[in-house]
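Working through the structure, step by step
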Amino acid sequence: MAKNFTALALATFLSLPLIGCITTPKAQMATTESFVIDSETYQSTGKSERIKTIVLHYTVSDNARSIKLLTRGKVSAHYLVMDKNDNKIYSLVPESERAWHAGDSGFAGRTILNDTSIGIEIVNAGIKPEYRNALNNGALDYHPYEHYVAFDELQIKKVAELVQDIAARYDIPPKNIIGHADIAPSRKIDPGAKFPWQRLYNEYGIGAWYDEFDKQFFMHPDAFAAATIPEIKQAFRDYGYQINDTDAWDKASRDVVYAFQLHFRPEQPTGNMDRETYAILQALNKKYAGRDDFY
Ligand SMILES: [Zn+2]
């Protein structure tokens, strides 16, 4: 040990004139003349990965505009999946740094999700141009399934394989692979109703999905009729959604219902609480009970 220390100190001393030209990698602490970091003698057991969640987005822009928005301004993502016919995925922010993709957000007891998530942007127009103003005249509160633009097949394959890799490396629980709408339901609707969460679950083993048998069990009409608003809202909270505790389906609460439907009943996203939505929520809670650590 003593010999190593001397050698290190000497090496540090010899490199002194070069300080200013050499950059120490951020993850690696410098050694000075007065201290050396010993990372071998003791190790803590109370620790976990900083990355807990993967958040998927769509860009509402084409390739050129998306790259401009995500590289020059104050929004960014770790990865960008364009709709080009090639095998590239662009890494815009290293996974060890925060990308600015989530904004004001919360899920599963965590807020400010930029701190603990990997953000993936997918180039997709979002709502079809002819429907962009569809909510303005007050006739519709939320965009139905057919207003959304479908994703390119190759994009889905690339996103799925990228998510598989990230989820495995950080050991991310299925529930924590989510969309921007899930974590910011009153501000965001991406990646929208046409993002195929169920296919990702079935074909790639990614994310959460309910078992049909459980859903049918919870579809019992009496169960929904007897459920109170606070009970249903608690079921949303149990799953991870942030929802207020008013005794009504006000706009903010319906935004959560809509975000949930975009994810788990995408062909009929209405924002209205109904029997099937509650059955799906209960089936999910049955399958994915509990949360990851809060430390
Ligand atoms: Zn987004």
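Residues numbered from 1 in each chain as written. Predicted model: local features only at pLDDT ≥ 70, side-chain atom pairs only at ≥ 80, totals over all residues. Heavy atoms only, no water.

**Regarding empty space enclosed by the protein**
How we decide: Any residue with an atom within 4 Å of a point lines the site, the site being either a cavity, points on a 1 Å grid over the protein atoms alone where a 1.4 Å probe fits but cannot get out, or a pocket, an open set with protein on both sides within 12 Å along at least 5 of 7 lines. Grid points are joined across faces, edges and corners, and a volume is the space filled by probe spheres set on the points. Strands here mean DSSP runs of E at least two residues long; helices mean DSSP runs of H or I at least four residues long; both are numbered from the N terminus. For this classification, Asp, Glu, Lys and Arg are treated as charged, while Ala, Val, Leu, Ile, Met, Phe, Trp, Tyr, Cys and Pro are nonpolar and the rest, including Gly, are polar.
With the rule as written, the count across this model stands at 1 cavity of 30 Å³ or more. Within this model, the largest cavity holds a volume of roughly 50 Å³. As for the largest cavity, its lining consists of G179, A181, D182, I189, D190, P191, G192, W197, A259, L262 and H263. Going through the elements one at a time, α4 (180-183) and α9 (251-264) are the ones with two or more residues in the lining of the largest cavity. Taken together, the residues that form the lining of the largest cavity break down as 6 nonpolar, 3 polar and 2 charged.

**Remarks on the environment of A134**
Our working definition: Think of it in three bands: residues with accessible area under 20% of the maximum for their type are buried, residues over 50% are exposed, and the middle band is partly exposed, with areas taken using a 1.4 Å probe on protein chains only. Throughout, a residue-residue contact means that at least one pair of heavy atoms, one from each residue, lies within 4.5 Å.
Here A134 shows up in the loop between β6 (117-122) and α3 (153-170). Residue A134 is classed as partly exposed on the basis of its relative accessible area of 21%. Sequence separation between A134 and H147 is 13 residues, and the spatial gap between their C-alpha atoms is 9.1 Å. If near-sequence neighbours (up to four positions away) are discounted, A134 is found in contact with L140, H143 and H147.

**Looking at α3**
Put simply, the rule is: The length a helix should cover is 1.5 Å for every residue beyond the first. Counting of polar contacts relies on pairs of N or O atoms within 3.5 Å, with two restrictions inside protein: one atom must be capable of donating a hydrogen and the other of accepting it, and residues adjacent in sequence are counted only when both atoms are side-chain atoms.
Between its first and last C-alpha, α3 extends 26 Å over 18 residues, near the 26 Å set by a 1.5 Å rise per residue. Residues of α3 that are buried: Q155, I156, K158, V159, A160, L162, V163, I166, A167 and Y170. Its side-chain oxygen at 3.1 Å from the backbone nitrogen of L154, D152 defines the N-terminal cap of α3. Directly beyond the C-terminal end of α3, a positive phi value near 55° is found at D171.

**Some points on the pattern of salt bridges**
Heads up, the rule is: By convention in these notes, a salt bridge is any Lys or Arg side-chain nitrogen within 4 Å of a carboxyl oxygen on Asp or Glu.
A full pass over the atoms with the stated rule returns 14 salt bridges. R98 is the partner of D115 in a salt bridge, and the nearest nitrogen-oxygen pair spans 2.6 Å. With a gap of 17 residues between them, D115 in the loop between β5 (110-111) and β6 and R98 in the loop between β3 (90-91) and β4 (106-107) connect regions that are remote in the sequence. As a salt-bridge pair, K215 and E276 come within 2.6 Å of each other at their nearest N and O atoms.

**With respect to helix α5 (residues 197-204)**
Inclusion rule: The arc under discussion is defined with respect to the helix axis, by the directions toward the C-beta atoms.
Those residues of α5 lying buried are W197, L200 and Y204. The buried residues of α5 occupy an angular sector of 75° when the element is viewed end-on, so they sit on one face. Buried residues belonging to α5 abut β1 (53-58), α3, β7 (177-179) and α9. After α5 finishes, the residue G205 shows a positive phi value of roughly 70°.

**Focus on the coordination of the zinc ion**
Our working rule: Keep in mind that water is not among the atoms, so a site may look incomplete; donors are the N, O and S atoms within 2.8 Å of the metal, or 3.2 Å for Na, K and Ca.
Protein-derived coordination of the zinc ion comes from H57 (ND1), H180 (ND1) and D190 (OD), at a distance range of 2.1 Å. When the donors of the zinc ion are listed by position in the chain, the intervening gaps give H-x122-H-x9-D. You can see H57 sitting in strand β1 and its partner D190 sitting in the loop between α4 and α5, a full 133 residues away along the chain. Note on H57: relative accessible area 1%, which makes it buried.

**Structural notes on the packing of aromatic side chains**
To keep it simple, the criterion reads: Any two rings among Phe, Tyr and Trp, with Trp reduced to its six-membered ring, count as a pair given centres within 6.5 Å; such a pair is stacked if its planes are under 30 degrees apart, edge-to-face if over 60, and tilted if neither. Definition used: whenever NZ (Lys) or CZ (Arg) falls within 6 Å of the ring centre and also within 35 degrees of the ring normal, the charge is taken to sit over that ring.
Taken as a whole and judged by the stated rule, the model has 15 aromatic pairs. Ring plane angle 25° and centroid distance 6.1 Å describe the contact between Y239 and Y241, whose orientation is recorded as stacked. Consider the rings of F260 and F264, whose centres lie 5.0 Å apart with planes at 40°: the pair is tilted. Here F260 and its partner F264 are both found in helix α9, 4 residues apart, which amounts to about one turn of the helix. F264 carries the same exposure label as F260, and that label is buried. Pairwise contacts between aromatic rings join F107, W209, Y210, F236, Y239, Y241, F260 and F264 into one cluster. When the ring centre of Y239 is taken as origin, the NZ or CZ atom of K175, which lies over that ring, is 4.8 Å away.

**What to know about the packing of helix α8 (residues 229-239) against helix α10 (residues 275-287)**
Cut-off, in case you're wondering: For helices, the axis comes from a line fit to the C-alpha atoms of the stretch in contact; other axes are also lines fit to C-alpha atoms, and the angle between any two N-to-C directions lies between 0 and 180 degrees. Comment on the angle field: the value is read as roughly parallel under 35 degrees, roughly antiparallel over 145, roughly perpendicular from 65 to 115, and oblique elsewhere. Crossing handedness is read from the near helix: turned anticlockwise from the far helix by less than a right angle, it gives a left-handed crossing, and turned clockwise, a right-handed one.
Direction vectors running N to C along α8 and α10 enclose 45°, while the axes themselves pass 10 Å from each other. In this view, α8 runs oblique relative to α10, as classed from their interaxial angle. Judged by the sense of rotation from one axis to the other, the crossing of α8 with α10 is left-handed. Of the residues in α10, those in contact with E231, I232, A235, F236, D238 and Y239 of α8 are Y278, L281, L284 and N285. Counted by class, the contact of α8 with α10 contains 7 nonpolar, 1 polar and 2 charged residues.

**Side note on the pairing of β1**
Filter applied, for reference: Here, strands pair whenever DSSP counts at least two bridges between them.
Summarising burial for β1: 6 of the 6 residues are buried, a large majority. Neither face of β1 is open: one carries T53, V55 and H57, the other I54, L56 and Y58, and all of them are buried. Across 6 bridges, the pairing between β1 and β6 is parallel. Bridge pairing in β6 links T53 to S117. Examined bridge by bridge, β1 and β7 share 3 bridges and lie parallel to one another.

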